[in-house]
Amino acid sequence: MALKSQLSSIMPVAEACGILGEARVTKIVTSLVDLTQQQQTPSPAASVLLEDTAFLVRAMFYTVNTQSPKRNGSGSFYSNDNTKSPLGEQKEEVTSRSSFSSAASAPFQYFEEMNNNLHCDLGTPPSIREAWNLLSTRKFMLDKLTMIKFLVPPGAQPHPGAGGHMGLFDCLAYALQTKSTAATSWTGPPLVGIPDIVIFLAICKQYRDLQGGAASEIQPDHPAITRMSKWMFVVYDSYQKKNLLQRDTIHRFLSDVYGEDCYKEYSMKRLLGDIFMPLSPTLTSRDFCQGVAKTISLTPTPTHFLLDWMANLAHALMPVPPQEDGKEEECESTTKNTAAYLKMIDQQVRWLEQILDDYDLAEHRLYEVKRRYHSLVESSNAVIQGDPMNVEETTSSNNTSSATTTTTPVNGTAIPKQTIPLSVFEKAVCSPSDELGHGGYLPLDICEKVFSTGMSQSKGSNQSGYWELAQVLKFGGMCVRVVDDDKSIVLWILQMISGTVGTKSLTKPMVGELLKLICNHQEFRHNMDRWYGDDQTEDSDAEDENDVDDTAAEETTVPLQSAKALGLVPKSWKEDNAPNATIPLQILVDHMLDEVGSTDGTVTLEQILKWHRVKKNKKGGKGARKRLGPFIMELRLMASVLFGIPPKLASLEDCIVAEIKRRHEARYPQTELSRRGPSGTVWYIIDYNWYQTWYSVVQKISFTPEDGQDFRDKSGETTSPRRLSKISNKGLLRDNGSLALRVDIKWRSEYEILPPLAWSALQAWYDGGPPIYRTVVPYIPSTSSPRPNVMKTEHEIELYPFFVTMFMCDATSRGEARPFQQGVPVSRVNPVRQLLVQVCKGLDIDPGMGRLWVMDTSASNTEDAPNKKGGGDWLLNLDANIADQRRLKDGDHTGHSNISLLLELKDEETGLWPRGMDGKQWSFSKNDAIPVESGDGIVGLYNMGNTCYMNSSIQCLSHTPVFKDYFNMKYYLNDINTTNPLGYEGRLAQVSAVLINSLWKRFNQQAPHQPKRVTAPGSYAPVNAPALTPKTFKESIGKFNDIFAGNEQHDAQEFLAFLLGGLSEDLNRIQDKPYIEAPDSDGRPDHELADIWWSNHLQREMSIVVAFFTGQYKSLLKCKLCKYESARFEPFSVLQIPLPEDDTIPVSLIVYPVKENVEAMKYSVRVHNSGTLYDVLISLAKVMYADEHGESETAEVEDSAENSTNVAEEELKEEYANRAKNMAVVDMREGYIFKIAPNSWRLPDLQNKDSGELPLLHVYALDPTPEEQSKELSEPASADDDTSDEDTAPAVSFLALAQRRSELVAHNVLHPFRHSVFGTPLLLRVPHLDSLTGREMYDFVANRLRNFVPSGVLSFLEGAEAPISGGTAQAGDDNSKIERRQNLQKTLSDMEEVSAGPVPRYGFRLRLASRDGRRCSLCPWYDCCMGCLIPDDESPTVVMNGDSIVIDWHFEVDIATNGFGTRGAQAEPRKQRFRPRVPGVSVKNHKSCSTSSKDGHSGAITLEDCLDAFAKEEKIPDVSLMYGFARQR
């Protein structure tokens, strides 16, 4: 008999205790007993047992030895080494449980003697049974949240947010929980017991220990693997809880563990396919264990992606046993073993600057490369959440979203976001595209090899499974930026064939692979670069069948024609002109070996290069025919077009464009009748002058010494002959804002046509635009004025398609048209169906669900349109072109392109067209006869093109209660004034009334109690709120006032003033306005004079607008000589008030100095309200310069500069720029630096959207660069320079440091310490980082810490040395540094080395961590590492540019400073209003902070300020000389 638990069927409790060891089990039980004692009061019967947890520990070790030959069922204590427990040898006699505390081993002896006395006749001792029963009670069990808090370190606690893994820990908790039954001693929700926690940790430890053994001695059915598999089945099954494991469940777990959609990666997908057989969609526990045993890898160590992550997580959760005397060596060995099993680092280090240096590429060229790179990136989201029975629906919904990379784990490393996986790479490289006019770059098999070879260029594992921007730049730089006569790219191809980095020779089989690859590529190009007509489809299918038959043959063959084209066929080979003829690959291999003179079957790099550069035949031109040339050209096309890397050589640009043209002409052949290719061929239009300039330049300098002088080099030579301006096609376009070409342009005089790929290449290399494309259509000659001697043709480029405005209507809009797209090109010749298919494809709907109308825009309103001859909206025939239909419908022979098309979408629920079958019987007109019931007025207004100013004004008036009732109740009809010459004969009032009535009538889909959603705090809107298109109102307004006739932008206040004024005149009850002289004040009181003015106004103006929207303001005219005052009370509807003239805003910031013994200072500077952070730094530099030299001295210098020369002024500007260059603004969070803010950030973008206030900025002073230290200053920085820009400075690195300390949160958890960041972080600019040793790195940080710590810490920093000007270590290469970073010492939460152990030199240790200091930046999340230790030694430092570092303070420092001034009576008081971020570190206020705007608004403009500016007294200059009048409102 043994202790039973939830997991004891997988591993007995006693055996689990033996695996973990007595110390760890004691730690678990002790912590849990302490936790349960705090949560609940123990019963008196158990009080004796709670006094000593050793009793429970020994009970867990007890088991019945059923295999004993001497006694049946003899009891013993489990020992992991299968020997007698050493505690059994003790002879000390124990007579009572109260003496258990005298020795840790006493319980063993007590139970042994008890068994010996009872001769095991009575079975398990009663005391053991009592302890077992106690362990199964509720007092010693944990719920889910308590278990996670008890087991998981604080820094790795799960949370519901992104990357929180909460769902995974829920499943883990469920797998450990014991469900309450009638047999249990408690009822309620499931709980987790101590034995199950021990078994879980022991299973994982046994599996990890197995991984350290020799692989030759381990079999797939090893007990440790089997137990781990059984445990993982329980974990995975805890998601659906069916005892049957589905593949989708595994997918969800893997997405949460390794990254999103990792299961789609080929290797993992293949292994899952082996586990889940096609006939077994679900697995039992036995099936799962067999599948794992079949797919587990035993070399070099046992590993399986379904098991390893849990084993690593359990190792991180394992409690560190208390260190006993004589066991230091054991702990040290454990640390070494942990370091040996470090996983691949998650964060891939990018060396973009180094790559740019290697390939001499300017940094500003990265914009286009990054744009094309990110256009290939896909995105998706899959975590353990949602309904598992609805997986297909969830997946389909995710697939409809915009796209990114699948995060695929390879060897335990998750693919990060914003990368290119193989699937995306294959789609971009292998798929043909008619829009780009090419048939793809590479076949699928070669594409995979290129992708794998590109991955191996990364500075880590060559199995990453994705391309980052670094791989793209390296691949592109190697292809088009290296000038070494193809040596680098040939070496790269050799590496692709051999699969080994740095290969410089090929064996005979590898030579065969090389020849087979280039022949297959040549055949692929032959098949894709040709026109496939309808009569050639069967022939191409037959060719594919022949290819299949050839591959099935025993002897490997390649296409003969492809081999001939590459010059690989020996002259002795007989001629065979059959289209599908092949040649044995071995013949080509032997011929190549003979050509290069190889005797041992091996060819070297030099021999391959010589063979590759074979001379041309007599018919050839200049240069050389290169047998690898077609494949190399393919790689260069991918680099320069797909990724946008500009070529280094001008001759290469010419070759690439020429190759693109050749392929385009082959794919779209040009004949005498189709000079531009067949119908559907796409061409791009480019400015002829620019293209000719480029062409002449590249032709002139190709193969000359100037060939490689590229203006896109990092050096940026301004004398490069290829420094061309951006492409500008604006001169080819009309002035109407569309992409319509001018009617007078001529081919090869003003424009040139290019294939799409050629345009894409030139646009990537030189920037510019806009892109203008046209399509080849069937040619229809003009019948009106036929021209003689015109060349006969069947197809021609359609230069002048219609550019139409697209509207759309559906059931939601009730058939009303709403704007959709503008400037859509529509062919005059092609059937309308092509347009419908194109538009529906963009909307992802079936073309059968839509139809197209031509909208009549000539009528003033939609009601009059059907009555007009040929007018009204009419339906288009999809099989005819739009030009012929307009000609037949309207008799339009002018061909003008002022067309508006309407896309009508069928209602999916009813299957009805919103406008009816013929457009006359609308589906929404059947309820028009029903009396209109007032709605809630929540009706939207569609934007018809820059009509937001009108829509917002209408909505405001519509929701003015009495005003809308005035129109809805038809009261306005009694007030319409048709004779007012200042009005619009009542028509403005009529159209306004119709619109307001439409907004307030009840629509069919409006229910009395509609469901609503929150749109803003305190604001709600219906879920399905209707919307209208105020087309008639807009057209009428345009007729009343030409200003609002078009689609230009306008001010809402301007429109509202016109509308209110017009309504006031149309609804004015005064028919004849009398002339009334404006009265003077004559000393009358204001209220009396105001009444007179208002009464006179009502005698001329009396309308609802006057009643609701008219007021008065007093205008006072005062003579300064005689003090006479004349007052007027002017009526107004709109008050135009000025803004204060001050266009600057105050910016508050804290400057953290780099000089020692200088306090942090808070400044307030004023900057232009549209300025940037660079302007802030310049203003700050001026204030700091004035403080150092005195304001008077600065003023004198500026005055002298104005009076004499500008030399002093230029010196000041240079001084300010140099100071700004040595400062950086950071985005500071609570205790850490999130990022360095670019100097180009605009202040309006940083303002709070509600209050308009700017946040407090944090500015760090930086160490000067070595150039500045030597007084060799570079050019002053410009406003566009970022702080991190290092083009003019030597190699400097930026490091962000956060301070972290350890706190004891609880004794009753396995990991009692919490490590959190605090205080003010540091930003360091370190010169020559690679030349520093680890010791010098610690010295540098300690020296910079002096200004950021309380005074009590300074004694620990006494060893800090002076600032470092240069290191003594030799800079190691990046490979050695990466290898060292991969083997750094990992730090777990409760390791002694975190904040305890020997006191370091400066009282702290440095570790690499994430930005917020919570976890390591190198290790996977399931390792629960807090940060890898940076060694303090004489070796070169492992720190790299851009790293985030935490400063872990020792407990000795924490105690000496009373928690850094936050604990006890010695906590430093707050002496100032501003609360510093570092306790004990004061921040002084600069004198600039004492000045502020009135009323404490900190410079914000209020309405009161504007009214004060409006009422400000102003002088009248033309009469002030005579009378001295002044006017004041």
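Residues numbered from 1 in each chain as written. Predicted model: local features only at pLDDT ≥ 70, side-chain atom pairs only at ≥ 80, totals over all residues. Heavy atoms only, no water.

A. Representation of the overall build of the protein chain. Looking only at helices and strands, the protein chain features 51 helices and 43 strands. Looking at the 1529 residues of the protein chain, the share that counts as buried comes to 48%. Long-range pairs, those at least 24 residues apart, make up 70% of the contacts in the protein chain with a sequence separation of at least 6. A total of about 75000 Å² of accessible surface is found on the protein chain, and carbon and sulfur atoms cover 51% of it. (Helix = DSSP H or I, 4+ residues; strand = E, 2+ residues; numbered from the N terminus. Buried < 20%, exposed > 50% of the residue type's maximum accessible area, 1.4 Å probe, protein only. Contact = heavy atoms within 4.5 Å. Areas by Shrake-Rupley, 256 points an atom, 1.4 Å probe, with all protein chains shown as cover.)

B. Just the packing of aromatic side chains, in detail. Applying the stated rule across the entire model yields 38 aromatic pairs. Geometrically, the ring pair formed by F451 and W467 is stacked, given 5.8 Å between the ring centres and 10 degrees between the ring planes. Of this pair, F451 sits in helix α20 (residues 444–455) while W467 is found in strand β9 (residues 466–467), placing the two residues 16 residues apart along the sequence. A relative accessible area of 3% places F451 in the buried class. Ring plane angle 10 degrees and centroid distance 6.0 Å describe the contact between Y684 and W759, whose orientation is recorded as stacked. A residue pair is termed long-range when its members are at least 10 positions apart, and Y684 in strand β14 (residues 682–687) and W759 in helix α31 (residues 756–766) qualify at 75 residues. On the basis of relative accessibility, which here comes to 6%, the residue W759 falls in the buried class. Here the guanidinium or amino end of R886 rests over the ring plane of F802, the centre of that ring lying 5.7 Å away. (Phe/Tyr/Trp six-rings, centres within 6.5 Å; stacked < 30°, edge-to-face > 60°. Lys NZ or Arg CZ within 6 Å of the ring centre and 35° of its normal.)

C. The side chain of S1331, seen in detail. On the secondary structure map, S1331 appears in the loop between β37 (1313–1327) and α46 (1334–1344). According to the relative accessible area criterion, S1331 is buried, its value standing at 16%.

D. The pattern of salt bridges, seen in detail. Inspection of the entire model under this criterion finds 46 salt bridges. The partner of E659 in a salt bridge is R662, with the nearest N and O atoms 2.7 Å apart. With E659 and R662 both in helix α29 (residues 650–667) and three residues apart, this pair spans about one turn of that helix. Owing to a relative accessible area of 16%, E659 belongs among the buried residues under this scheme. R915 is the salt-bridge partner of D873, the closest N and O atoms lying 2.8 Å from each other. Within this pair, whereas D873 is found in the loop between β22 (850–855) and β23 (874–875), its partner R915 is found in the loop between β24 (900–905) and β25 (940–941), the two being separated by 42 residues in sequence. The class of D873 is partly exposed, set by a relative accessible area of 28%. For R915, a relative accessible area of 6% translates into the label buried. Because the salt bridges share partners, they merge into one network encompassing R525, D529, E634, E659, R662 and R663. (Salt bridge = Lys/Arg side-chain N within 4 Å of Asp/Glu carboxyl O.)

E. Here's a closer look at helix α10 (residues 223–237). Relative to the 21 Å expected for 15 residues at 1.5 Å per residue, α10 spans 21 Å between its end C-alpha atoms, a close match to the ideal helical length. By the criterion of burial, α10 is predominantly enclosed, with eleven of the 15 residues buried. (Expected span 1.5 Å × (residues − 1).)

F. Region of interest: the sheet that holds strand β36 (residues 1292–1304). Spatially, the five strands line up as an open sheet ordered β37-β36-β40-β38-β39, and their pairing is mixed. Lying at the two open borders of the sheet, with one neighbouring strand each, are β37 and β39 (1428–1429). Sheet topology note: the β36/strand β40 (residues 1444–1449) ladder contains five bridges and is parallel. Directly across from A1298, in β40, lies its bridge partner V1446. (Pairing = 2+ DSSP bridges.)

G. The arrangement of the nonpolar core in detail. Membership of the largest hydrophobic core comes to 101 residues, with the highest contact counts inside it found for V450, F475 and L762. For this core, the element with the highest residue contribution is helix α28 (residues 629–642), accounting for nine residues. (Core = buried A, V, L, I, M, F, W, Y, C linked by side-chain atoms within 4.5 Å.)

H. Looking closely at the sheet that holds strand β34 (residues 1233–1236). With mixed pairing, six strands are arranged side by side in an open sheet as β34-β33-β35-β31-β32-β41. The open sheet is flanked by β34 and β41 (1483–1485), the only strands paired with a single partner. Ignoring strand direction, the axes of neighbouring strands in this sheet form an average angle of 40 degrees. In this sheet, strand β32 (residues 1160–1168) lies alongside strand β31 (residues 1144–1152) in antiparallel orientation, the contact comprising eight bridges. Counterpart to T1144 in the pairing with β32 is H1168. Contacts from helix α41 (residues 1173–1189) reach β31, β32, β33 (1223–1228) and β35 (1257–1261) within the one sheet, and its direction differs from that of β32 by about 120 degrees. (Axes fitted to C-alpha atoms, helices over the stretch in contact; angles between N-to-C directions.)

I. Inspection of α31 at higher detail. Burial analysis of α31 places eleven of its eleven residues in the buried class, the great majority of the element. D767 lies just past α31 and shows a positive phi near 65 degrees.

J. Spotlight on the packing of helix α9 (residues 194–211) against α10. Across the interface, α9 lies against α10 with an axial gap of 9 Å and an inter-helix angle of 140 degrees. As summarised for this structure, α9 and α10 are arranged oblique, according to the angle between their axes. Classified by chirality, the crossing of α10 by α9 is left-handed. Every residue of α10 that contacts α9 at F200, I203, C204, Q206, Y207 and L210 is listed here: A224, I225, R227, M228 and W231. Of the residues that constitute the contact of α9 with α10, the class distribution is nine nonpolar, one polar and one charged. (Parallel < 35°, antiparallel > 145°, perpendicular 65-115°, else oblique. Left-handed = near helix turned anticlockwise from the far one by under 90°. Nonpolar A, V, L, I, M, F, W, Y, C, P; charged D, E, K, R; others polar.)

K. Up close: the pairing of strand β30 (residues 1125–1132). Here strand β29 (residues 1111–1119) pairs with β30 via eight bridges, running antiparallel. Bridge pairing in β30 links K1118 to E1125. Taking the residues that link successive antiparallel strands as the turn, the β29-β30 hairpin has five residues, and the phi of K1123 there is positive, at about 65 degrees.

L. Region of interest: the environment of V657. Take V657: it is sitting in helix α29. Spatially, the C-alpha atom of V657 lies 9.0 Å from that of W759, the residues being 102 residues apart in sequence. Setting aside its immediate chain neighbours within four residues, V657 contacts W694, A758, L762 and W765.

M. Geometry of the pairing of β34. Judged from the three bridges that link them, β33 and β34 form a sheet pairing that is antiparallel. Note that in β34 the partner of V1226 across the bridge is I1236. Taking the residues that link successive antiparallel strands as the turn, the β33-β34 hairpin has four residues, and the phi of G1231 there is positive, at about 90 degrees.

N. Local environment of a nonpolar patch on the surface. Side chains of L1135, L1503 and L1507 sit close together on the surface and give an oily, nonpolar patch of about 250 Å² of accessible area. In this structure, L1503 sits in helix α50 (residues 1503–1510). (Patch = residues over 30% accessible without salt bridge, like charges linked within 9 Å, V, L, I, M, F, W, Y side chains within 5 Å.)

O. Representation of the environment of A1160 within the structure. Along the polypeptide, A1160 turns up in strand β32. A residue is classified by how much of its surface remains accessible, and A1160, at 7% relative accessible area, is buried. Along the backbone, A1160 and V1483 are 323 residues apart, and their C-alpha atoms lie at a distance of 5.0 Å. Those residues in contact with A1160 that sit more than four places away from it in its chain are I1150, V1151, Y1152, P1153, S1482, V1483 and K1484.

P. Fine view of the confidence of the model for the protein chain. On average, residues of the protein chain carry a pLDDT of 74, and 74% of them reach 70 or more. When pLDDT is averaged over each element of the protein chain, strand β38 (residues 1404–1408) comes out on top at 92 and helix α15 (residues 328–340) at the bottom at 34. Throughout residues 41–50 the model reports pLDDT below 50, and contacts reaching past four residues in sequence, or to other chains, amount to twelve contacts. Segment residues 616–624: pLDDT under 50, and six contacts once partners within four positions in sequence are set aside and those in other chains are kept. (pLDDT = per-residue confidence, 0-100.)

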